[in-house]
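Coordinate analysis (summary)
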Amino acid sequence: MLEINNISKQFGGVKALHDVSFALREGEFLGLIGPNGSGKTTLFNVISGMYKPNSGTITFDGHTISGLMASKICHAGIARTFQIPKPIMDISVLENVMLGSIFGKEKNSAHYHCSLKEAQDAALKLIEFVGLNVDPYSYPKELTAGDLRRLELVRALATQPKILLADEVLSGLNHEELDDAAKVLQRVRDEMKITIIWVEHIMGVLMNLVDRVVVLSYGKMIADGTPQEISTNQEVIDAYLGED
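Residues numbered from 1 in each chain as written. Predicted model: local features only at pLDDT ≥ 70, side-chain atom pairs only at ≥ 80, totals over all residues. Heavy atoms only, no water.

**Let's talk about unusual backbone geometry**
- Of note in this structure, Asp61 is not a glycine but carries a positive phi near 50°.
- Along the chain, Asp61 turns up in the loop between strand E4 (55-60) and strand E5 (63-64).
- With phi around 50°, Tyr218 is a residue other than glycine that occupies positive phi space.
- Along the chain, the position of Tyr218 falls in the loop between strand E9 (212-217) and strand E10 (220-225).
- In this structure Tyr218 comes out as exposed when scored by relative accessible area, which is 71%. (Helix = DSSP H or I, 4+ residues; strand = E, 2+ residues; numbered from the N terminus. Buried < 20%, exposed > 50% of the residue type's maximum accessible area, 1.4 Å probe, protein only.)

**Some points on the packing of helix H5 (residues 145-157) against helix H6 (residues 175-190)**
- The contact between H5 and H6 brings their axes to 11 Å, and the two run at 5°. The angle between H5 and H6 falls in the class roughly parallel. Where H5 approaches H6, its residues Gly146, Arg150, Leu153 and Leu157 are matched on the opposing element by Glu177, Asp180, Val184, Leu185 and Val188.
- Residue composition of the contact of H5 with H6, grouped by class: five nonpolar, one polar and three charged. (Axes fitted to C-alpha atoms, helices over the stretch in contact; angles between N-to-C directions. Parallel < 35°, antiparallel > 145°, perpendicular 65-115°, else oblique. Contact = heavy atoms within 4.5 Å. Nonpolar A, V, L, I, M, F, W, Y, C, P; charged D, E, K, R; others polar.)

**Here's the deal with the nonpolar core**
- Membership of the largest hydrophobic core comes to 50 residues, with the highest contact counts inside it found for Ile33, Leu164 and Trp198.
- Here the element with the most residues in this core is H6; it accounts for six residues.
- Formed by 24 residues, the second largest nonpolar core is a distinct cluster that contains Leu30, Ile58, Val214 and Leu216. (Core = buried A, V, L, I, M, F, W, Y, C linked by side-chain atoms within 4.5 Å.)

**Let's talk about the environment of Met69**
- Along the chain, the position of Met69 falls in the loop between E5 and helix H2 (70-76).
- Note: C-alpha distance between Met69 and Lys52 (17 residues apart in sequence) is 8.9 Å.

**Some words on the pattern of salt bridges**
- Taken as a whole, this structure holds eleven salt bridges when the rule is applied.
- Between Arg80 and Asp167 there is a salt bridge, with the nearest N and O atoms lying 3.8 Å from each other. Of this pair, Arg80 sits in strand E6 (residues 78-80) while Asp167 sits in strand E7 (residues 163-167), and the two are 87 residues apart along the sequence.
- Across the salt bridge formed by Glu152 and Arg155, the nearest N and O atoms sit 3.4 Å from each other. Taken together, the residues span about one helical turn, with Glu152 and Arg155 both in helix H5 at a distance of three residues. (Salt bridge = Lys/Arg side-chain N within 4 Å of Asp/Glu carboxyl O.)

**Regarding helix H3 (residues 93-103)**
- With eight of its eleven residues buried, H3 lies for the most part within the structure.
- Taken as a whole, H3 has its buried residues at Val93, Leu94, Asn96, Val97, Met98, Gly100, Ser101 and Ile102.
- Residues of H3 that are buried sit in contact with helix H4 (116-129) and H5.

**Concerning helix H1 (residues 40-47)**
- Among the eight residues of H1, seven are classified as buried, and the element is accordingly described as predominantly covered.
- Looking at the residues trailing H1, positive phi occurs at Gly49, about 95°.

**Brief notes about the sheet that holds E9**
- Strand order in the open sheet formed by six strands is E6-E7-E8-E3-E9-E10, with mixed pairing between adjacent strands. Only two strands of the sheet have a single partner each, and these edge strands are E6 and E10. Neighbouring strand axes in the sheet, compared pairwise and without regard to direction, differ in orientation by 20° on average.
- In this fold H1 packs onto strand E3 (29-33), E6, E7, strand E8 (195-199) and E9, with an angle of close to 150° to the strand it touches most, E7.
- The strands touched by H6 within the sheet are E3, E7 and E8, with E8 carrying the most contacts at an inclination of about 150°. (Pairing = 2+ DSSP bridges.)

Remember, this is a structural readout, not a statement about activity or role.
Okay, structure coming up:
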């Protein structure tokens, strides 16, 4: 479904990614882990079109997308969340989500043409789906940190993606919110049939949910395997996980 082929990204003299390669299967729930500065968010930025790679290619559903504008990649069916939520602050929660419903698909897609009423109905269903229990006509500045995380997620889901790049969606949440958010991600994969790549530092939660884990360290991929294989990989333990 998605193929990352020898992707490298350099900022001045700093190599953020070094020949990273792996494939993502349709329906898979993939964890992407590594220490701070290992290149995880940079890779998300390259996949989603925020950065152009210095070398390598990315193919999605058989088409090369590396180097395309972010809007084109979103239209093709790849959505992402950000570590720091980025809602539009001067419109309501509902309107934030509706924008994804209206503009998330390519113009020639059958899903693109929808009325404002259809976009509103779709947005309200998604808001309920992720458990964003707030007044939909409230504004992002009125939300808690946990609710802003949920809004970030629902805005991405509103674009009707085939692949979701989820960047630390559990960051800053309390224990109850952690469990709820993890369950939502599981439902996104199981019920919405969306393939997920999930960057997360909370290993106890991630390892219990994902099918496979890719590990980055200093911009290089050092491991790719099941959670059990990764948790016992000595190179990964030395680079990131630490002792049991």
